Amino acid sequence: MEKIKGRKCEFGYIQKQKVFQGLMLLLFVAVGVGLFVAGLLITGTRANIFTVLGILMVLPAAKRIIALVVMVPRRSVEKERYDRMRETVSEEGILYTDYVFTSPDKIMSFDFLIIQDQNVMGILSEKKQEEAYILDYLQKGVDSQASGYHVKLFPSDEEFYEFYCQLTEGGSKQERDEESVVKQDKVSEYLKVLAV
């Protein structure tokens, strides 16, 4: 099922979700209409249990519509960009891609989200997102999981690569003790749960 549905925060997730949620929506609509028509043909009236069951198919269909509303405006990252990012991010770093998340007010997305050396670095997927809001929202969430982490947002890959090279240059590499690994895992798990 994961092959069709996709795995959250991995390459191609958004595209797979669009297809999966669209097919599931069609399935629930077809089942609902089928139940209604079957009940109408069997009993000769709309007032029957099949009509109730058909109407109940609206609930899972609505869930699929919401998922489509979140995913349809977004695109998966191109394979070349993903491969370059995968090669750049070191083994200590955690790379998420096709990252879509929500707050009570907004739907936001990153092409890439990298966690490394007490930094959470996001590359915005859309230019029209409110950077200050995203930065504040993520910083508060990350602070609730582990202190000392910094959230940084980048409008383009080039700006990220420039910052990342400075971060990982020889002398500036931080020692990874057990506590820092545990903190990184907590932040990583929080961000994975936050993703849609």
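Whatever comes next refers back to the structure up there.
Source: prediction; values computed, not measured. (Residues numbered from 1 in each chain as written. Predicted model: local features only at pLDDT ≥ 70, side-chain atom pairs only at ≥ 80, totals over all residues. Heavy atoms only, no water.)

A. Structural view of the sheet that holds strand E1 (residues 94-102). The four strands are arranged E1-E2-E3-E4 in an open sheet whose pairing can be described as mixed. The open sheet has two free edges, formed respectively by E1 and strand E4 (150-154), since each of these has just one partner strand. The average angle at which neighbouring strand axes cross in this sheet is 30 degrees, direction not considered. Here strand E2 (residues 107-116) pairs with strand E3 (residues 119-124) via six bridges, running antiparallel. Across the sheet, residue Phe112 finds its bridge partner in E3, namely Ile123. (Pairing = 2+ DSSP bridges. Helix = DSSP H or I, 4+ residues; strand = E, 2+ residues; numbered from the N terminus. Axes fitted to C-alpha atoms, helices over the stretch in contact; angles between N-to-C directions.)

B. Layout of helix H6 (residues 131-145). Given a rise of 1.5 Å per residue, 15 residues ought to cover 21 Å, and the 21 Å separating the end C-alpha atoms of H6 matches this to within 8%. Regarding H6, the residues found buried are Ile134, Leu138, Gly141 and Val142. The buried residues of H6 occupy an angular sector of 95 degrees when the element is viewed end-on, so they sit on one face. Seen from the open side of H6, the exposed residues pointing more than 90 degrees away from its buried face are Ala132, Lys140 and Ser144. (Expected span 1.5 Å × (residues − 1). Buried < 20%, exposed > 50% of the residue type's maximum accessible area, 1.4 Å probe, protein only. Arc of directions from axis to C-beta.)

C. Layout of the packing of aromatic side chains. Here the structure, examined in full by the defined rule, presents eleven aromatic pairs. Between Phe154 and Phe163, the ring centres sit 5.4 Å apart and the planes meet at 40 degrees, which makes this aromatic pair tilted. With a relative accessible area of 7%, Phe154 lands in the buried category. Ring pairs connect the aromatic residues Tyr96, Tyr99, Phe101, Phe110, Tyr133 and Tyr137, which therefore count as one cluster. Geometry around Phe11 places Lys79 over its ring, the cationic atom sitting 5.2 Å from the centre. The ring of Tyr133 has Lys106 lying over it, and the distance from NZ or CZ to the ring centre is 5.3 Å. (Phe/Tyr/Trp six-rings, centres within 6.5 Å; stacked < 30°, edge-to-face > 60°. Lys NZ or Arg CZ within 6 Å of the ring centre and 35° of its normal.)

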